[in-house]
Amino acid sequence: FSNPYSNGQTNLPFTYNDLYGKISLNSTNGSKISLFGFDYNDAVSYIGVATYKWNSIGGGGNFVLIPNGNNTLIEGNFAYSQYKINETTATTSPNSSTIGGFNGGFKFTNFIGRNQVVYGFELLGYQSTFDYHAGYANLENIQQGNSTEIAGYVKAKFMSRNRKFVLEPSFRLHEYASLGQISPEPRVSGK
């Protein structure tokens, strides 16, 4: 058959090559680790008009450690991903747009009877790039942006003896390094 998007071809102009993998390991005491990764390469080619290719990659994992004879639970996570799209036409140089980011953190939970204290930190970052060619002179323009954040937090959970009342005070300190700003965030909840 023929359709307006295939320019007379019998096949559609799309290609998809996607890979994903994950592995999880568990120990007998409840500790565990999970890792994952992916790579998606896709494209469409409109003959005589333009070709678009987009790629998404990433990977990461998380873990939970339960030390024997200890009342502390240790958790961590990390991840990275990037997405890029390219446009190629017959009349201009290639244009592209990319965004990538990472995040990671550690969290510690101490159990004290029926109460608990949770504390940890997180780190996040993003980068974006927009590379395009404009005008009849095909001038290249590149726009870039970066963002980095780091945060630390502590949260307590107090439960009454009859377990009918719960009080959760917490404090978070968030630094936006790209902006040079620090945000203290006290919080409290109860039920």
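Residues numbered from 1 in each chain as written. Predicted model: local features only at pLDDT ≥ 70, side-chain atom pairs only at ≥ 80, totals over all residues. Heavy atoms only, no water.

The number of helices and strands found in the chain is zero helices and nine strands. Going residue by residue from the N terminus, the α and β elements of the chain occur as β-β-β-β-β-β-β-β-β. The burial tally for the chain puts 25% of its 191 residues in the buried class. Accessible surface for the chain amounts to roughly 12,800 Å². Of this, 58% is attributable to carbon and sulfur atoms. (Helix = DSSP H or I, 4+ residues; strand = E, 2+ residues; numbered from the N terminus. Buried < 20%, exposed > 50% of the residue type's maximum accessible area, 1.4 Å probe, protein only. Areas by Shrake-Rupley, 256 points an atom, 1.4 Å probe, with all protein chains shown as cover.)

Further remarks concern the environment of Gly101. Its place among the elements puts Gly101 in strand 5 (residues 95-112). With relative accessibility at 12%, the residue Gly101 sits in the buried group. Put simply, Gly101 and Tyr80 are 21 residues apart on the chain and 5.7 Å apart in space, counted from C-alpha to C-alpha. Apart from the residues within four sequence positions on either side, Gly101 is in contact with Ala79, Tyr80, Ser81, Gly125 and Tyr126. (Contact = heavy atoms within 4.5 Å.)

A few words on a nonpolar patch on the surface. Together, Ile23, Leu25, Ile33, Leu35 and Phe78 line one region of the surface with nonpolar side chains, adding up to about 440 Å² of accessible area. Among the secondary structure elements, those contributing two or more residues to the nonpolar patch are strand 1 (14-26) and strand 2 (32-46). Inspection of the secondary structure assignment puts Phe78 in strand 4 (residues 72-89). (Patch = residues over 30% accessible without salt bridge, like charges linked within 9 Å, V, L, I, M, F, W, Y side chains within 5 Å. Salt bridge = Lys/Arg side-chain N within 4 Å of Asp/Glu carboxyl O.)

Here we come to the side chain of Thr72. Considering the arrangement of structural elements, one finds Thr72 in strand 4. In this structure the side chain of Thr72 is engaged in a polar contact, spanning 2.6 Å, whose partner is the side chain of Asn110. With residues near it in sequence (within four places) discarded, Thr72 still touches Leu65, Pro67, Phe108, Thr109 and Asn110. (Polar contact = N/O pair within 3.5 Å; in protein donor to acceptor, adjacent residues only side chain to side chain.)

Right, let's get into the pairing of strand 1. The element strand 1 is barely covered by neighbouring structure, given that only zero of its 13 residues are classed as buried. As paired elements, strand 1 and strand 2 share 13 bridges and run antiparallel to each other. Bridge assignment links Gly21 to a residue of strand 2, and that residue is Gly37. (Pairing = 2+ DSSP bridges.)

Our focus in this paragraph is the pairing of strand 2. If you look at the hairpin formed by strand 1 and strand 2, you'll find five residues sitting between the two strands, and Gly30 has a positive phi there, around 105 degrees. Between the antiparallel neighbours strand 2 and strand 3 (residues 50-65) lie three residues, among them Gly48 with a positive phi of about 80 degrees.

As a further point, take the pattern of salt bridges. Considering all chains together, one arrives at four salt bridges under this definition. Among the salt bridges present, the one from Lys155 reaches Glu168, with a minimum N-O distance of 3.7 Å. Residue Lys155 is found in strand 7 (residues 139-159), and its partner Glu168 is found in strand 8 (residues 166-176); the two are separated by 13 residues along the sequence. Residue Glu185 is joined to Arg187 by a salt bridge in which the shortest nitrogen-to-oxygen separation is 2.6 Å. Residue Glu185 is classed as buried on the basis of its relative accessible area, which comes to 19%.

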